[in-house]
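# An overview of the molecular structure
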Amino acid sequence: MPEKLLNITACTLSPLGDSAIVITFGIGMEYSIHKKIKLLMDLLEEEPFAGFIECVPAFTNLTVFYDPLVVYKDQKQSKNTEISPYEVVRSILERKLKCLKETKKLSHRTVSIPVCYGKEYGPDLEYVARYNDLTTDEVIHIHSTGEYLAYMIGFAPGFPFLGGMSEEIATPRRSSPRMTIPAGAVGIAGMQTGVYPISTPGGWQLIGQTPSKLFLPNVNPPSLLRAGDIVKFHPISDQEFKEMILKEGLQ
């Protein structure tokens, strides 16, 4: 029995300048959309075309960057220079989209992140608890026993947008964003949770902080997390937090 192909009839391909194409797979943060994005990204990285640079995944789309000069030279060698690099790459992407298999399973890395919840590490923990008619311990238990999918990395270097959080602790963003949020702050915004990798302004409800570094400027890629990772949080004490921060500083 032949393998079932993914339904990609709703996909749209649009130019982004003269060196990128955005492939949009749907609307909303859904695993079915993420699967199509990840499968195409993996296929392009495993079988890159001449001129391919990189893929950048988002919630609903994948942006494919390419070098138009390399694409043109490759077409010139095949004596086919009547179509533009954009048309060449678009044709390649359309063919690859038709090869995506419904039955192919995604492989996910699992990354465990320690979090010290509450007090000065999570100044909004009590607000999140009150908003959802829960105790702070219940919020910590719900948050730290979930499994979260990193749908995309963005906003700030290494910032993961994580889906899969329980509706029991969903909380709107703050009405007034903070001007400075410390690196490692773990927050909630609506049905999402995430971790601030660097000190930055932000409006998420802060419930804890991790000593782990998510932005790794001297590593390639410079991020602890990647789109498609499964993230698990586990509670640590104030003392453990301080010991891990000290250890990070000595490395």
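Residue positions are given per chain, counted from 1 along the sequence in the order it is written. Totals for whole chains, interfaces and linings use every residue, but because this is a predicted model, local features are given only for residues with pLDDT of at least 70 and side-chain atom pairs only at 80 or more, for both listing and counting. The basis for every side-chain value is the complete set of heavy atoms in the structure, and neither hydrogens nor water enter the calculation.

## Brief notes about the packing of helix H2 (residues 68-77) against helix H3 (residues 85-97)
Condition: Orientation is described by axes fitted as lines to C-alpha atoms, over the contacting stretch for helices, and by angles from 0 to 180 degrees between their N-to-C directions. Runs of H or I in DSSP of at least four residues are treated as helices and runs of E of at least two as strands, each being numbered from the N terminus. Roughly parallel means an angle under 35 degrees; roughly antiparallel, over 145; roughly perpendicular, 65 to 115; everything else is oblique. Note on contacts: a residue pair is in contact if any heavy atoms of the two residues lie within 4.5 Å. Amino acids outside the nonpolar list (Ala, Val, Leu, Ile, Met, Phe, Trp, Tyr, Cys, Pro) and the charged list (Asp, Glu, Lys, Arg) are all regarded as polar, and Gly is one of them.
The interhelical angle for the contact between H2 and H3, taken along N-to-C directions, is 85°, at an axis separation of 9 Å. The pairing of H2 with H3 is recorded here as roughly perpendicular in orientation. Contacts between H2 and H3 involve Pro68, Val71, Tyr72 and Gln75 from the former and Pro85, Val88 and Val89 from the latter. In the contact of H2 with H3, the residues fall into six nonpolar, one polar and no charged.

## Some thoughts on the packing of aromatic side chains
Using the following cut-off: Between 30 and 60 degrees the pair is tilted, below 30 it is stacked and above 60 it is edge-to-face, where a pair is any two Phe, Tyr or Trp rings, Trp via its six-membered ring, whose centres lie within 6.5 Å. The rule is simple: take the accessible area with a 1.4 Å probe, protein chains only, and divide by the maximum for that residue type; under 20% is buried, over 50% is exposed, in between is partly exposed.
A full pass over the atoms with the stated rule returns twelve aromatic pairs. Ring plane angle 70° and centroid distance 5.6 Å describe the contact between Phe49 and Phe52, whose orientation is recorded as edge-to-face. Its relative accessible area of 9% is what places Phe49 among the buried residues. Taking the relative accessible area as the measure of exposure, Phe52 reaches 18% and is therefore buried. Residues Phe155 and Tyr196 carry aromatic rings whose centres are separated by 6.2 Å and whose planes lie at 85° to one another, so their mutual orientation is edge-to-face. Placement of the pair is Phe155 in the loop between strand E6 (148-153) and strand E7 (160-163) and Tyr196 in the loop between strand E10 (192-195) and strand E11 (200-202), with a sequence separation of 41 residues. Residue classification places Phe155 among the exposed positions, given a relative accessible area of 54%. The buried category is assigned to Tyr196, whose relative accessible area is 1%.

## Description of the nonpolar core
To keep it simple, the criterion reads: Throughout this description, the term nonpolar core refers to a set of buried Ala, Val, Leu, Ile, Met, Phe, Trp, Tyr and Cys residues connected via side-chain atoms within 4.5 Å.
Core analysis: the largest hydrophobic core is formed by 26 residues, its most contacted members being Ile23, Phe25, Leu44, Phe49, Leu62, Val64 and Leu93. Residue assignment for this core shows that the elements contributing at least two residues are strand E2 (20-24), helix H1 (31-46), strand E3 (52-57), strand E4 (61-66) and H3. Sorting elements by how many residues they give to this core places H1 first, with seven residues. Ignoring any residue separated from it by four or fewer positions in sequence, one finds Phe49 in contact with Leu44, Val64, Tyr66, Val89, Ile92 and Leu93. Formed by 24 residues, the second largest nonpolar core is a distinct cluster that contains Tyr117, Ala129, Ile142 and Ala170.

## Quick notes on the sheet that holds E3
To keep things clear, this is the line we draw: We call two strands paired when DSSP finds no fewer than two bridges between them.
Read from one edge to the other, the open sheet built from four strands follows the order E1-E2-E4-E3, with strand pairing classed as antiparallel. A strand with exactly one partner marks an edge of an open sheet, and here the two such strands are strand E1 (12-15) and E3. Between one strand axis and the next, the sheet turns through 20° on average, direction left out of account. Bridging between E2 and E4 involves five bridges; their strand directions are antiparallel. Note that in E4 the partner of Val22 across the bridge is Thr63. Sitting on the sheet, H3 is in contact with E1, E2 and E4, with an inclination near 160° to E1.

## Thoughts on the packing of H1 against H3
Formally: Left-handed describes a crossing in which the near helix is turned anticlockwise from the far one by less than a right angle; the clockwise case is right-handed.
In contact at an axis separation of 10 Å, H1 and H3 are set at 120° when each is read in the N-to-C sense. Classified by chirality, the crossing of H3 by H1 is right-handed. Every residue of H3 that contacts H1 at Leu40, Leu43 and Leu44 is listed here: Leu93, Lys96 and Leu97. Its residues placed into classes, the contact of H1 with H3 shows five nonpolar, no polar and one charged.

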